[in-house]
Amino acid sequence: MTLLKKAAAAVLASTAATSAAAGPAENKATAVALLEQGLAKGDREFIRANVAEDYIQHNPQAADGREGLLGFVDFLETLDPPVQVNPVRVFGDENFVVIHQTAEFFGPKVIIDLFRFEDGKLVEHWDAIQDEVPETASGRSMIDGTTEITDLDRTEANKALVTGLVTDVLMGGDLARINSYIRADYMQHKPYVPDTRDGLKGFIAYLAENEISFGYTKLHNVVAEGNFVMTQAEGIYDGKPTAFYDLWRVEDGLIAEHWDAVQEIPTQFAHGNGMF
């Protein structure tokens, strides 16, 4: 059993623990257990014990509140094949937990979830869901690569670096500054973009040459722990409103690796909260 699964099991065995004792490690375990136990296994008692009654939902398909989440579990239990989840990367800070996972949900998917906690309870959830692409431009899968959290003392510096890339380049369009943020040997997991910094530059040039609109318009959340940083943003891709969930790994002061989940923002929601 992995350390992550042991932590999740501990949460299930000890839901009577006081909320005051909850911290980042406990929040991570609770978020993982929500996926593995609450959703995939339909454990409604776990959901009632760990999800706030006024839970705010941003997934377009699930209704608001704890009751909305329980109703979503009812829907998941009708699926054939059944929903399956496989958390791969889990990190966060005092209030937020990021989970990078693969899932079986109407076919193979890659999902990046963002959970917000208050006093040990899950109070808000966002996500982006993308079809898993088996053959990528870089030859890397959408999910493989290191999972180890390191450089905890550099969390704030890494968060600032990635925020700078998003605001200066992806929002501001200052492509000349890419070299100051990204390593030359940058590893890419986005399906249609080759490896290396030059590969990213080539992809951006391809979009411009073919008049494919692309740009980030608003950065909503940045969550970091050590070498991993997640940015949640909205923008435009190919003329469509789009949610961009990017996961970045920083090494020695530059961005070394990138994963993402990109989802077109729908026009209909099961709630009034929108995707952000």
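Look up a bit, the structure's there.
Residues numbered from 1 in each chain as written. Predicted model: local features only at pLDDT ≥ 70, side-chain atom pairs only at ≥ 80, totals over all residues. Heavy atoms only, no water.

Right, let's talk about the overall build of the chain for a bit. When helices and strands are tallied, the chain shows six helices and ten strands. Since a compact globule built from 276 residues should have a radius of gyration of about 19 Å, the 19 Å found for the chain is in line with a globular shape. Taken over the C-alpha atoms alone, the chain extends approximately 55 × 40 × 30 Å along its principal axes. Within the span of the chain, comprising 276 residues, buried residues form 50% of the whole. Residue pairs at least 24 apart in sequence account for 55% of intrachain contacts in the chain once pairs closer than 6 positions are excluded. Summed over its atoms, the accessible surface of the chain is roughly 12,400 Å², and 50% of this surface lies on carbon and sulfur atoms. Positive and negative side-chain charges in the chain, numbering 22 and 43 respectively, have mean positions lying 3 Å apart. (Helix = DSSP H or I, 4+ residues; strand = E, 2+ residues; numbered from the N terminus. Rg over C-alpha atoms; globule rule 2.2 N^0.38 Å. Buried < 20%, exposed > 50% of the residue type's maximum accessible area, 1.4 Å probe, protein only. Contact = heavy atoms within 4.5 Å. Areas by Shrake-Rupley, 256 points an atom, 1.4 Å probe, with all protein chains shown as cover. Lys, Arg positive; Asp, Glu negative; His and termini not counted. Charge placed at Lys NZ, Arg CZ, Asp CG, Glu CD.)

Turning our attention to the packing of aromatic side chains. Summed over all chains, the structure comprises eleven aromatic pairs. The interplanar angle of 55° and the centroid separation of 6.5 Å between the aromatic rings of Phe72 and Phe105 together place this pair among those described as tilted. Of the two residues, Phe72 is situated in helix 4 (residues 65-76) and Phe105 in the loop between strand 3 (96-104) and strand 4 (108-118); the sequence distance between them amounts to 33 residues. Assessed through its relative accessible area of 11%, Phe72 is described here as buried. A residue is classified by how much of its surface remains accessible, and Phe105, at 9% relative accessible area, is buried. Within the aromatic cluster, the residues linked to one another by ring pairs are Phe72, Phe75, Phe105 and Phe106. (Phe/Tyr/Trp six-rings, centres within 6.5 Å; stacked < 30°, edge-to-face > 60°.)

Within the secondary structure, Thr102 is located in strand 3. Residue classification places Thr102 among the buried residues on the basis of a relative accessible area of 15%. Setting aside chain neighbours within four positions, we find Thr102 in contact with Gln84, Val85, Asn86, Lys109, Val110, Glu132 and Ile143.

With that out of the way, let us pick up the sheet that holds strand 10 (residues 254-264). What the five strands build is an open sheet, ordered 6-10-9-8-7; its pairing is mixed. Only two strands of the sheet have a single partner each, and these edge strands are strand 6 (182-188) and strand 7 (214-225). Between one strand axis and the next, the sheet turns through 25° on average, direction left out of account. When strand 9 (residues 240-251) meets strand 10, the two strands line up antiparallel, connected through ten bridges. Of the residues in strand 10, the one forming a bridge with Val250 is Ile255. Its contacts with the sheet put helix 5 (residues 155-171) on strand 6, strand 7, strand 8 (228-237), strand 9 and strand 10, and the angle it makes with strand 7 is roughly 175°. (Pairing = 2+ DSSP bridges. Axes fitted to C-alpha atoms, helices over the stretch in contact; angles between N-to-C directions.)

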